[in-house]
Amino acid sequence: MAATGTRPRVVLGVCGGIAAYKACELLRRFTESGHDVRVLPTQSALKFVGETTWAALSGNPVVTDVFTDAHDVPHVAIGRQADLVVVAPATADFLARMVIGRSDDLLTATLLTARCPVVIAPAMHTEMWEHAATQANVATLRERGVIVLTPAIGRLTGADTGIGRLPEPGEIFAVAQTVLARGGAATLDLAGRHVVVSAGGTREPLDPVRFLGNRSSGRQGFALARAALARGAEVTLVAANAALPDPAGAKVVRVGTAEEMRTAVLEVAPSADAIVMAAAVADFRPMTRAASKLKKGDADPAPIALTRNADILAEISTNRGRGGQVIVGFAAETDDVIANGRKKLAAKGCDLMVINEVGEHRAFDTEENAATILGADGTSVVVPQVAKESLAHAIWDLVVARLAP
Ligand code: CTP
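Residues numbered from 1 in each chain as written. Predicted model: local features only at pLDDT ≥ 70, side-chain atom pairs only at ≥ 80, totals over all residues. Heavy atoms only, no water.

J.: Go over the site of the ligand, please, and point to the residues and values.
T.: Neighbouring residues of the ligand: 14 residues in total, closest Met277, Ala279, Asp283, Phe330 and Lys344. Met277 is positioned with one of its backbone polar atoms (N or O) 2.7 Å from an oxygen atom of the ligand. The side chain of Lys348 places a nitrogen or oxygen atom 2.9 Å from an oxygen atom of the ligand. Its free accessible area being 570 Å², the ligand has 76% of it covered by the protein chains. More than half of the atoms of the ligand fall within 2 Å of the grid points belonging to the largest pocket. (Near = heavy atom within 4 Å. Polar contact = N/O pair within 3.5 Å; in protein donor to acceptor, adjacent residues only side chain to side chain. Areas by Shrake-Rupley, 256 points an atom, 1.4 Å probe, with all protein chains shown as cover. 1 Å grid on protein atoms, 1.4 Å probe; cavity = no way out; pocket = protein on both sides within 12 Å on 5 of 7 lines; lining within 4 Å. Sits in = over half its atoms within 2 Å of the grid points.)

J.: Can you break down the layout of surface pockets residue by residue, with the values?
T.: Considered as a void within the structure, the largest pocket measures approximately 860 Å³ in volume. Secondary-structure elements contributing two or more residues to the lining of the largest pocket are strand S8 (194–200), helix H9 (219–230), strand S15 (306–308), helix H11 (312–318), strand S16 (326–333) and helix H12 (337–348). Counted as a void, the second largest pocket has a volume near 520 Å³. As for the second largest pocket, its lining consists of 29 residues, of which Thr150, Pro151, Ala152, Ala250 and Lys251 are closest to the centre. Residues of the lining of the second largest pocket, tallied by class, amount to 14 nonpolar, seven polar and eight charged. Lining the lining of the second largest pocket are residues from two domains, each supplying at least three of them: domain 1 (9–187) and domain 2 (194–402). (Points joined across faces, edges and corners; volume = space filled by probe spheres on them. Helix = DSSP H or I, 4+ residues; strand = E, 2+ residues; numbered from the N terminus. Nonpolar A, V, L, I, M, F, W, Y, C, P; charged D, E, K, R; others polar. Domains from an automatic or database assignment.)

J.: Lay out the domain arrangement of the protein chain in plain terms, naming residues and giving numbers.
T.: Splitting the protein chain by domain gives domain 1 (9–187) and domain 2 (194–402). Here domain 1 and domain 2 have C-alpha centroids that lie 34 Å from each other. Residue-level contacts link twelve residues of domain 1 with 13 residues of domain 2. Looking at the side of domain 1 facing domain 2, the largest losses of area belong to Glu171, Thr178 and Arg182, adding up to 46% of the total buried there. Taken together, domain 1 and domain 2 are joined by two salt bridges. With its nearest N and O atoms 3.2 Å apart, the salt bridge here joins Arg226 to Glu171. Put simply, domain 1 and domain 2 have three residue pairs in polar contact (both at pLDDT 80 or more) between them. Per-element accounting of the side of domain 1 that touches domain 2 gives the leading share, seven residues, to helix H8 (residues 169–182). (Contact = heavy atoms within 4.5 Å. Buried area = accessible area lost by both parts, 1.4 Å probe. Salt bridge = Lys/Arg side-chain N within 4 Å of Asp/Glu carboxyl O.)

J.: Which residues make up the pairing of strand S7 (residues 161–165), and what values go with them?
T.: Successive residues of a regular strand alternate their side chains across the two faces of the sheet. Across four bridges, strand S6 (residues 152–155) lies against S7 in antiparallel orientation. Pairing of Ile153 across the sheet is with Ile163, part of S7. Hairpin geometry of S6 and S7 is characterised by an intervening segment of five residues between the two adjacent antiparallel strands. (Pairing = 2+ DSSP bridges.)

J.: Describe the nonpolar core, and please don't skip the residues or the numbers.
T.: One finds Val195, Leu224, Val235, Ile373, Ile395, Trp396 and Val399 to be the most contacted residues of the largest nonpolar core, which totals 36 residues. Elements supplying a minimum of two residues to this core: S8, H9, strand S11 (234–240), strand S13 (274–277), S16, strand S17 (352–357), strand S18 (368–375) and helix H13 (388–402). Not counting the four nearest positions on each side in its chain, Ile395 is found in contact with Leu224, Val328, Phe330, Val354 and Ile373. Core analysis: the next-biggest nonpolar cluster, separate from the first, contains 34 residues, Cys24, Leu149, Ala176 and Leu188 among them. (Core = buried A, V, L, I, M, F, W, Y, C linked by side-chain atoms within 4.5 Å. Buried < 20%, exposed > 50% of the residue type's maximum accessible area, 1.4 Å probe, protein only.)

J.: So what's going on with the packing of helix H4 (residues 92–100) against helix H7 (residues 132–143)? Which residues, and what values?
T.: Their axes nearest at 9 Å, the elements H4 and H7 cross at an angle of 50 degrees. The orientation of H4 relative to H7 falls into the category oblique. Once H4 is placed against H7, the crossing between them reads as left-handed. Contacts from Ala92, Leu95, Ala96, Met98 and Val99 in H4 reach Thr134, Asn137, Val138, Thr140 and Leu141 in H7. Residues belonging to the contact of H4 with H7 are distributed by class as follows: seven nonpolar, three polar and no charged. (Axes fitted to C-alpha atoms, helices over the stretch in contact; angles between N-to-C directions. Parallel < 35°, antiparallel > 145°, perpendicular 65-115°, else oblique. Left-handed = near helix turned anticlockwise from the far one by under 90°.)

J.: Could you give an account of the environment of Glu315, naming the residues involved and the relevant values?
T.: Tracing the chain through its elements places Glu315 in helix H11. Separated by 34 residues in sequence, Glu315 and Gly349 place their C-alpha atoms 9.0 Å apart. Not counting residues within four places of it along the chain, the set of residues in contact with Glu315 comprises Arg262, Leu266 and Ala310.

J.: Give me the side chain of Thr126: which residues, what numbers.
T.: Of note, Thr126 is situated in helix H6 (residues 126–130). You can call Thr126 buried: its relative accessible area is 17%. If sequence neighbours within four positions are ignored, Thr126 has contacts with Leu156, Gly162 and Ile163.

J.: For the packing of aromatic side chains, give the residues involved together with the corresponding values.
T.: Applying the stated criterion across every chain, the model contains one aromatic pair. Arranged with centres 5.3 Å apart and planes meeting at 75 degrees, the rings of Phe30 and Phe173 form a pair that is edge-to-face. Residue Phe30 is found in helix H1 (residues 22–32), and its partner Phe173 is found in helix H8; the two are separated by 143 residues along the sequence. With respect to burial, Phe30 and Phe173 carry one shared label: buried. (Phe/Tyr/Trp six-rings, centres within 6.5 Å; stacked < 30°, edge-to-face > 60°.)

J.: Residue-level account of a nonpolar patch on the surface, with values.
T.: On the surface, Leu212, Phe284, Ile304 and Leu306 cluster together to form a nonpolar patch covering roughly 320 Å² of accessible area. Mapped onto the elements, Phe284 comes out in strand S14 (residues 284–286). (Patch = residues over 30% accessible without salt bridge, like charges linked within 9 Å, V, L, I, M, F, W, Y side chains within 5 Å.)

Dropping the structure here:
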């Protein structure tokens, strides 16, 4: 491998699927942010994107077999030195070969010698992804501690759509960065767990063009989803009006209103090990929703009559889906922050309450956040102003400590 100093070493495996071209963008993101990347395409990947492209973009030699440069024993050297292996796209055939432990090319041989975290981003047609053989292979890899990102739903090779699309390169990169930052396979402490995260802010329509809403951007909830994915969880993200791309590997359910969020959360709650309600859910909605745009007319405006929305957090805390489920709420407060947060924790009946002090330039639509996390068991953890990703990990640390074995 090239001399790298302290640059993180990433192995980028690329398999023979149409999404191989998207791996060029992923490679660029790694190299431009200072990673030393060794690209290991399979033979069939080269039918989609040629060796020259990988070599030029990575600045490293590109080899597919274990016999070239045999004096360096490349599969051992590359595997041992890697800080992270990412395979994107991974085909059904590759997953099968990896499960059996084949070593018939440099990529599979390297995976047998690597001891660093491994992130796999499968992409294939829906039928191939849903086939029992592929699902069994994915389950086996996850049991072994490999982070297998669930493919996105969307346009596939032809005009067809469905699950099987490679997540956006920027989102695969975000998961990879989180995994690298935490380092070591020991941090896959959410492997085998299903977590549900709600994010964003609900909008309660008055008419077809107007709504009552709030300033939540969804960033904290999306950071929670990404952090959980990087810790090996299966993630369902229920997102309300968040203008953010789907985190790679998450099942994303987009909703608009509080009622839609309630339906989506209640549907997945029974199978969840943990639920984090980071969304800003409207407490009230207009009593009526006009079918046509309201006209201002000449008369003074009538007050808007409101009715109460169901409290999703209180509902899921009362009707726990399964024993040992951990439920987390968020409290956005402007005054008597801790006292109000403590009251809210008791009233809602959840296990943890993340208390944010909010106001102009605080918490909303920013990259950073500070919080006090209160536990129903009397614990209190203060997290200073940090990146939302770091606060997300602090929350998952507390969730993991409370999960049933
Ligand atoms: N929440 C919910 N369903 C609602 C309202 C809120 O599940 N209808 C959840 C939020 O996702 C958050 C927590 O409850 O996790 C706290 O929400 P917040 O609006 O701050 O609390 P409220 O109980 O509405 O109290 P208040 O508005 O009086 O501060």
